[in-house]
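Chain and residue survey
These are the residues of each chain, in order.
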Amino acid sequence: MVRLGAGESFQAGEERRRKILETAGKRATTTRASAGVHKKSKGSGSSDAAMPASRMRPERAAAAAGDATVEDTDVLDCGVCFLPLKPPIFQCDEGHVVCSLCRDKLAPAGKCHVCSIAMRNYHRCYAMERLVESVRVPCPNAAHGCDARPVYYDQHVHCQTCPHTPHRCPDKDCSFLGSTDALLDHFTSAHGWPPTTEISAFETCSIPLYDGFNFILTDCADDDDHFTTTTTTTSSSRYLFLLNMTRQPLGRSITVHFIGKELPSEGLRCVLSYSRVFYDPRDRHKFLGSHSLRSEINVECMDLSSGLPNPDDCFQFVMPDSVLGNINKKDTIQVEVFISIISLE
């Protein structure tokens, strides 16, 4: 989008937008012309050095052009909704461009939003489509190890699934911020927390839990044969969970948290199970009874900037002392964990 200056009309802003596009086109032509002519190396049989960039193969043309800078990204946005333009893109006879959704919204008016030309004269702007397809930007998480360069109009989608998205340490007195891999190293090196347990989604695993923080890294692949029409995922992903086990007056409780960004298209479920069989202490072969506990928890992502939420405000998996028996503070409790990812689309 083009920001309007003081006292500037919308039409004037659109004209300024057109001039920016024309200037950018001239600069691009000049850059390609200068970049496409090189001194031919002695003994080299390649003719690419003297070939204009426009006639080179795409990968060589990109190398010839080198790094380019878009001084005003507003020209890459729709003039109506101000969102990044993406194909299909339309323009009126005067060159005012809009995205396909805004073109449909403007249809009832029957004219261009700037110059009032009849809507029937809107047509595809293939040149602009090629331009927006060629503009790539570095991922905002580049400092945390991401080397992806998504298309400008697709950068928001990439950021939603970027595996290098930084997360905060769950310790309320720690300000560490890093990617999932950096965070896992930080847990053991800086805090001495138990090693992270790696499991696969849709598989039941028996995991030893300590008092305090326990971390589980769950892998969910595209080709997981456990997926069904109601239990699916759209991409290969890793999910980091925190199981916080605390002592209560009559036992212990476990709360489950997902460390990551909100997943609008996916739901996370965690099933915790604990069982124990009792025998007569005077006759080990005499069965007395058994306890079996099971809870299914809907796991939500959490903001760690202010520390962990109060356990009383969370769903808790409670294990009474009468079931646990005489377990020392340093002893672990063996709990079965089953994690599933459910598509909400």
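Further up the page is the structure itself.
Right, let's walk through the structure included here. (Residues numbered from 1 in each chain as written. Predicted model: local features only at pLDDT ≥ 70, side-chain atom pairs only at ≥ 80, totals over all residues. Heavy atoms only, no water.)

1. Observations regarding the overall build of the protein
Broken down by element type, the protein carries seven helices and 14 strands. Residue burial in the protein is summarised as follows: out of 345 residues, 37% are buried. Partitioning the contacts of the protein with sequence separation of at least 6, the portion at a separation of at least 24 is 54%. When the accessible surface of the protein is totalled, it reaches about 20400 Å², and 50% of it is carbon and sulfur. (Helix = DSSP H or I, 4+ residues; strand = E, 2+ residues; numbered from the N terminus. Buried < 20%, exposed > 50% of the residue type's maximum accessible area, 1.4 Å probe, protein only. Contact = heavy atoms within 4.5 Å. Areas by Shrake-Rupley, 256 points an atom, 1.4 Å probe, with all protein chains shown as cover.)

2. Quick look at the pattern of salt bridges
Following the criterion strictly, the structure yields six salt bridges and no others. Put simply, glutamate 129 and arginine 124 hold a salt bridge, and the shortest N to O gap is 2.6 Å. Because the salt bridges share partners, they merge into one network encompassing Asp211, Arg247 and Arg252. (Salt bridge = Lys/Arg side-chain N within 4 Å of Asp/Glu carboxyl O.)

3. A short note on a nonpolar patch on the surface
A cluster of nonpolar side chains, namely Val277, Tyr279 and Phe287, defines an oily patch on the protein surface of about 290 Å² accessible area. Relative to the helices and strands, tyrosine 279 resides in strand 11 (residues 266-280). Residue classification places tyrosine 279 among the partly exposed positions, given a relative accessible area of 39%. (Patch = residues over 30% accessible without salt bridge, like charges linked within 9 Å, V, L, I, M, F, W, Y side chains within 5 Å.)

4. A short note on helix 4 (residues 126-134)
Within helix 4, burial applies to Met128, Glu129 and Val132. The buried residues of helix 4 occupy one face: seen down the axis, they fall within an arc of 105°. Structural note: helix 4 exposes Tyr126, Ala127, Arg130 and Ser134 on the side pointing more than 90 degrees away from its buried face. (Arc of directions from axis to C-beta.)

5. A closer look at the sheet that holds strand 2 (residues 97-99)
Reading across from one edge, 2-1-3 is the order of the three strands in this open sheet, with antiparallel pairing throughout. Looking at which strands have only one partner, the edges of the open sheet turn out to be strand 2 and strand 3 (123-124). Strand direction decides the pairing type here: strand 1 (residues 89-91) and strand 2, joined by three bridges, are antiparallel. For isoleucine 89, the partnering residue across the bridge sits in strand 2 and is cysteine 99. (Pairing = 2+ DSSP bridges.)

6. A look at the pairing of strand 9 (residues 237-248)
Bridging between strand 8 (residues 212-220) and strand 9 involves nine bridges; their strand directions are antiparallel. When the sheet's bridge partners are listed, phenylalanine 215 is paired in strand 9 with leucine 242. Pairing geometry for strand 9 and strand 10 (residues 251-259), over nine bridges, is antiparallel. For threonine 246, the partnering residue across the bridge sits in strand 10 and is serine 253. The antiparallel hairpin formed by strand 9 and strand 10 contains two residues in its connecting segment.

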